[in-house]
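Listed here are the chains, written in short residue letters.
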Amino acid sequence: MRIRILVLSTLLALSGAASALTPDDVKSALAAEVKATDPAFKDFSAQRGNVFFHARHGGEWSCATCHTELPAASGQHTVTKKPIRPLAPAANAERFTNQDKVDKWFKRNCNDVAKRACTAREKGDLLAYLMSVKP
Amino acid sequence: MKTFIRSISRGLPRGSDVGVSKGASTLWSRAGSIARPRSPFNLESLRTAALMTGTALVAALFMAEAAHADGKRFGPYPDVYTQECASCHVAYPPELMTKKGWATITSTLDKHFGTDASVDAKTRAALDGFLASRAATRERNAPSEPSARLTRTAWFASEHGSTPPAKTSFANCAACHTQAEKNDYSERGIKVPTK
């Protein structure tokens, strides 16, 4: 019984923490990841993220193909035409507030665009760019 | 009587109005010819008539039920299905393909028609369970090629032909089924774009 309460409160605390996540938290976690291998690392670059977002990386698509040239706007899945809500947090408050979702789509979308996983630095740069986009 | 109903149900392809009326005409013509009494007070034929009326009633009820579940309104779906399978396209109704077809889809999600749609093992198990519980059982809903495209099943081809309307793809149900986002594929909502 006591264990159950413990589990329950832990779960509640965890879900509370998950919903309180902000794009800044996601970025800090990525920064910590980069620092672990590169102690000289200072900060992510929105400019580099901007370039990565709009460029193609060996495949047919860029991030902009589905998330539009200006990620404050609604996008569209390039194959199925299903609408995609804006990717920039300033235009869509739900973005980068759920770590599992962020991880899942970085993995999928980097594979789609670059045929490989993105590095922590690339993800941080992309996030810095997306956070700099104003609607 | 069981085989009778079964034969009607076989004539009822899901998602097709034509099938419903086909079933109906078979039923009424047969009931008419057998139920007609040979002489006014022949007990045997009265019993037959009663039996046939019963059959007709049961069949009518069955058809009403089948017409309701005519495959044009689907869902609701569990969150895991909408989250994982309706982010890039509408939630394709699990009822439209066989369990084997869906198993092919979920076992190849890392290479899902040109995109990475991979899920973790726990999520995949949940999806498999759900898809299996609603999957089609008819041969016409079985995949016809190795990648198990729902849009290449015999059922899909018989409903839609082999060429999508201009400037759209069969993957985009909502291009013509205007209520597809609400899992509603009824005739009323169909509007085929002309260009």
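Above this text is the structure in question.
So, a few notes on the structure that sits alongside this text. What you see is a predicted model, and the numbers here were worked out from it, not measured in a lab. For every chain, the first residue of its written sequence is number 1, and the numbers climb from 1 along that sequence. Starting at A for chains and at 1 for ligands, labels are handed out in the order in which the entities are written. Given that this is a predicted model, residues contribute local features only at a pLDDT of at least 70 and side-chain atom pairs are listed and counted only at 80 or more, while totals for whole chains, interfaces and linings are drawn from all residues. Computation of side-chain values covers all heavy atoms of the structure but excludes hydrogens and water.

Attention now moves to the overall build of chain A. Helix numbers and strand numbers start at the N terminus; a helix is a DSSP run of H or I with at least 4 residues, a strand a run of E with at least 2. Along its length, chain A carries six helices and two strands. Residues classed as buried in chain A amount to 40% of the 135 residues present. Contacts in chain A between residues at least 24 apart in sequence constitute 53% of all its contacts with a sequence separation of at least 6. Note on areas: Shrake-Rupley, 1.4 Å probe, and residue coverage restricted to the protein chains presented here. For chain A, the accessible area works out to roughly 8,000 Å², and carbon and sulfur atoms hold 60% of it. The rule is simple: take the accessible area with a 1.4 Å probe, protein chains only, and divide by the maximum for that residue type; under 20% is buried, over 50% is exposed, in between is partly exposed. In what follows, a contact means two residues having at least one pair of non-hydrogen atoms within 4.5 Å.

With 12 residues of chain A at the interface, the matching set in chain B holds 16 residues. Surface buried jointly by chain A and chain B totals about 1,300 Å² across both partners, of which 44% is contributed by carbon and sulfur atoms. Note on definitions: buried area is the accessible-area loss of two parts on being combined, 1.4 Å probe, summed for both. Broken down residue by residue, the surface that chain A buries against chain B is led by Thr80(A), Lys82(A) and Arg108(A), which jointly contribute 45%. Criterion for a salt bridge: a side-chain nitrogen of Lys or Arg within 4 Å of a carboxyl oxygen of Asp or Glu. For the pair chain A and chain B, the interface holds three salt bridges.

Inspection of every chain in the model, using the stated rule, returns 12 salt bridges over all chains. Measuring nitrogen to oxygen at the nearest pair gives 2.9 Å for the salt bridge that ties Glu84(B) to Lys104(A). Of the two residues, Glu84(B) is situated in helix α4 (residues 79-85) and Lys104(A) in helix α5 (residues 99-114); the pairing between them involves two chains. Its salt-bridge partner being Arg134(B), residue Glu95(B) comes within 3.8 Å of it at the nearest N-O pair. Separated by 39 residues along the polypeptide, Glu95(B) in the loop between α4 and α5 (99-106) and Arg134(B) in helix α6 (residues 121-134) bring together distant segments of the chain.

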